Amino acid sequence: MTTTANVGFEKELFKMADKLRNNMDAGEYKHVVLGLIFLKYISDKFNTRYEELLKEGDGFEEDKDEYTMQNIFWVPKDSRWQILRDNARNPEIGKIVDTALLHIEKENDSLKGVLDKRYAKPDLDKTKLGELIDLISDLSAKYHHEKDLMGRVYEYFLNEFADITGGEFYTPTSVVKTIVEMIEPYSGRVYDPACGSGGMFIQSGKFIEEHAQSLLDISIYGQESNPTTWRLCKMNLAIRGLDGNLGSHHADTFHSDQHKNLKADFAMANPPFNISDWGGERLKEDSRWQWGIPPVGNANYAWLSHILTHLGSRAGFGGVVLANGSLSSNTSNEGNIRKAMIEDDKIDAIVALPDKLFYSTGIPVCLWILAQNKSHEKYRDRKNETLFIDARNLGTMVTRKHRELSVDEIKSIADTYHAYRNIDGKYEDIKGFCKKANLQEIKSHDFVLTPGRYVGIETEIDDGVSFEEKMTTLSQQLKEQFEKSNILEQQIKENLKGLGYELK
């Protein structure tokens, strides 16, 4: 099976780095490691350009403009990786790292307030910190030929730390890739109102590169309420060469929308599931609730409403991960909102996913694929239609508690949606997997959107054996097993009798 997981040097580095964690909390250690990887990344980019300028021989290697004009961060002399490596065994290494980060922020406006300066803290073992710097240096030298070395390491570490810490702000790669492959955000404005560490944006960038498009064709807009995760996302985008507008600071999407006037071409989100303390009681009159006021005790439909409001009116598409309860709940107006959204023709597809895909919860989840205009000329007219895909049986357990969708499985889901959506698509219902349903059919199910209600049960392949023959064979097998068990029981009794024990 081909999975979406990374293998190789990333795994090697993580194992060694995790050994150095000692007794430090993984949630804290994550920021120590990722901060160093980011620093190594920008130093590597800087050094490559530095060597180019040195060869040119014009004396511009210390000219800041020669770097910034090529979107390379300017790294001051005392912040360059070689300084850290030379001082890795210095008892003051924590202060040296913090100073390096401080000076980098000072010289690069886009990084102000982003870099986490925690290395001089007394509870951080400076010997272990030095060993970690050596480890990153050695690995970089060993695998210098690998493309996007530090970017791949950064992404792998985010994934592994999500596994250890519960992944509250991390969306598994296979889930992100499924959304991206389905809605194809290769140009225009891409928006994520709960962007976490930026996985949706990173996967969009990869999608664009794989399809020979330019990263300059997308504009990224995101928002994140957790300050530490907001900083992680900023670094993640920078390390991937993506320029994103994440607002001037971390902020709550519902109460401090950083992109109030945005009309996006694509929206993707994995908001917190079933969040109850979202402050809905203070937003009763909000203009975003065009389909009904979301319940105070659950933000699922607030997220859907918010995203639909931010989708452009022409061909805007959205992909949202929600708990399965959102498909059928009638609590506190949710059923009425769902009915209004369906009748307004905003739900293009629903995908039921298997359980154990997420680090933070083992429950199965679903994808809502939203469409602002199902009659847009670029696609097949899908007015009053919704596609249902039941993918609950897909995926393979890659660890004892975590499942992952394979590349082929993701392609199967995306291809099915494209066959349904595209003008030249050759879509066909597949019993047990996918079904195109019209408004009347959805209405007959009381506007419940659970795919299992529509796709039915997969048809078993006819093996040519009649029911009577199967029952005769089964009866014979049971009879043989019963006779064998009686013979075994008798042998046990005889053996025990020989030892002086007699069973009645």
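Residues numbered from 1 in each chain as written. Predicted model: local features only at pLDDT ≥ 70, side-chain atom pairs only at ≥ 80, totals over all residues. Heavy atoms only, no water.

Student: Got a sec to walk through the confidence of the model for the chain? Specific residues and values, please.
Tutor: In the predicted model, the chain carries a mean pLDDT of 86, and the fraction of residues at 70 or more is 86%. Taken together, the stretch residues 1-7 has pLDDT below 50 and engages in 20 contacts with residues farther than four places along the chain or on a different chain. (pLDDT = per-residue confidence, 0-100. Contact = heavy atoms within 4.5 Å.)

Student: Break down the packing of aromatic side chains for me, citing the residues and quoting the values.
Tutor: The geometry of an aromatic ring pair is captured by the separation of the ring centres together with the interplanar angle, meaning the angle of the planes. Under the counting rule described, the total for this entry stands at 13 aromatic pairs. Their ring planes at 85 degrees and their centres at 6.0 Å tell us that Trp278 and Trp289 sit as a pair that is edge-to-face. One end of the pair, Trp278, is in the loop between β4 (266-269) and α11 (300-310); the other, Trp289, is in the loop between β4 and α11, with 11 residues separating them in the sequence. The pair formed by Trp278 and Trp289 is uniform in burial state, with each residue classed as buried. (Phe/Tyr/Trp six-rings, centres within 6.5 Å; stacked < 30°, edge-to-face > 60°. Helix = DSSP H or I, 4+ residues; strand = E, 2+ residues; numbered from the N terminus. Buried < 20%, exposed > 50% of the residue type's maximum accessible area, 1.4 Å probe, protein only.)

Student: Please provide a residue-by-residue account of the packing of helix α2 (residues 26-56) against helix α10 (residues 227-239), values included.
Tutor: Following both chains from N to C, one finds α2 and α10 inclined at 30 degrees, their axes separated by 11 Å at the closest point. Relative to α10, the element α2 is oriented roughly parallel. Remark: the crossing between α2 and α10 carries left-handed chirality. Within the contact between the two elements, α2 uses Lys30, His31, Leu34, Ile37, Phe38 and Tyr41 and α10 uses Thr228, Leu232, Met235, Ala238 and Ile239. Looking at the contact of α2 with α10 residue by residue, the class counts come to 8 nonpolar, 2 polar and 1 charged. (Axes fitted to C-alpha atoms, helices over the stretch in contact; angles between N-to-C directions. Parallel < 35°, antiparallel > 145°, perpendicular 65-115°, else oblique. Left-handed = near helix turned anticlockwise from the far one by under 90°. Nonpolar A, V, L, I, M, F, W, Y, C, P; charged D, E, K, R; others polar.)

Student: How would you summarise helix α8 (residues 173-183) if you had to cite specific residues and measurements?
Tutor: Residues spaced three or four apart along an α-helix face the same direction, because each turn holds 3.6 residues. Buried residues dominate α8, accounting for 11 of its 11 residues. Taken together, the buried positions of α8 are Thr173, Ser174, Val175, Val176, Lys177, Thr178, Ile179, Val180, Glu181, Met182 and Ile183. Downstream of α8 by one or two residues, Glu184 has phi in the positive range, about 55 degrees.

Student: Report on the sheet that holds strand β7 (residues 365-371), specifying residues and quantitative values.
Tutor: Adjacent strands of a sheet pair through backbone hydrogen bonds, lying either parallel or antiparallel. Pairing in this open sheet of 9 strands is mixed, and the strands run β3-β2-β1-β4-β5-β7-β6-β8-β11 from one edge to the other. The open sheet has two edge strands, β3 (244-245) and β11 (434-438), and neither has a second partner. Strand direction decides the pairing type here: strand β1 (residues 188-192) and strand β2 (residues 218-222), joined by 5 bridges, are parallel. Bridging across to β2, Arg189 finds its partner in Ser219. (Pairing = 2+ DSSP bridges.)

Student: Just give me the short version of the pattern of salt bridges, but keep the residues and values in it.
Tutor: Pairing between side chains of opposite charge can happen when their charged atoms approach one another. One pass over the structure, following the stated rule, counts 26 salt bridges. We note a salt bridge from Asp44 to Lys40, for which the minimum N-O separation is 2.6 Å. Note that Asp44 and Lys40 are positioned in helix α2 at a spacing of 4 residues, about one turn of the helix. Through salt bridges with shared partners, a single ionic network connects Arg49, Glu52 and Glu66. (Salt bridge = Lys/Arg side-chain N within 4 Å of Asp/Glu carboxyl O.)

Student: Lay out the nonpolar core with the relevant residues and their values.
Tutor: Leu36, Ile37, Leu132 and Phe157 are the most contacted members of the largest nonpolar core, which has 106 residues in total. Ranked by residues supplied to this core, first place goes to α2 with 13 residues. Other than its neighbours up to four places away in sequence, Ile37 contacts Ile136, Met150, Val153, Tyr154, Phe157 and Ile239. Ranked by size, the runner-up nonpolar core spans 29 residues in total, among them Leu304, Leu327, Cys366 and Tyr454. (Core = buried A, V, L, I, M, F, W, Y, C linked by side-chain atoms within 4.5 Å.)

Student: Requested: an account of the pairing of β2, with residues and values cited.
Tutor: Because side chains alternate across β2, one face comprises the buried residues Ile218, Ile220 and Gly222, and the other comprises Ser219 and Tyr221, none of which is buried. Examined bridge by bridge, β2 and β3 share 2 bridges and lie parallel to one another. Paired with Ile220 across the two strands is Gly244, which belongs to β3. For the crossover that starts at β2, traverses α10 and ends in the parallel β3, the hand is right-handed. (Right-handed = clockwise from strand over helix to strand, strands pointing away.)

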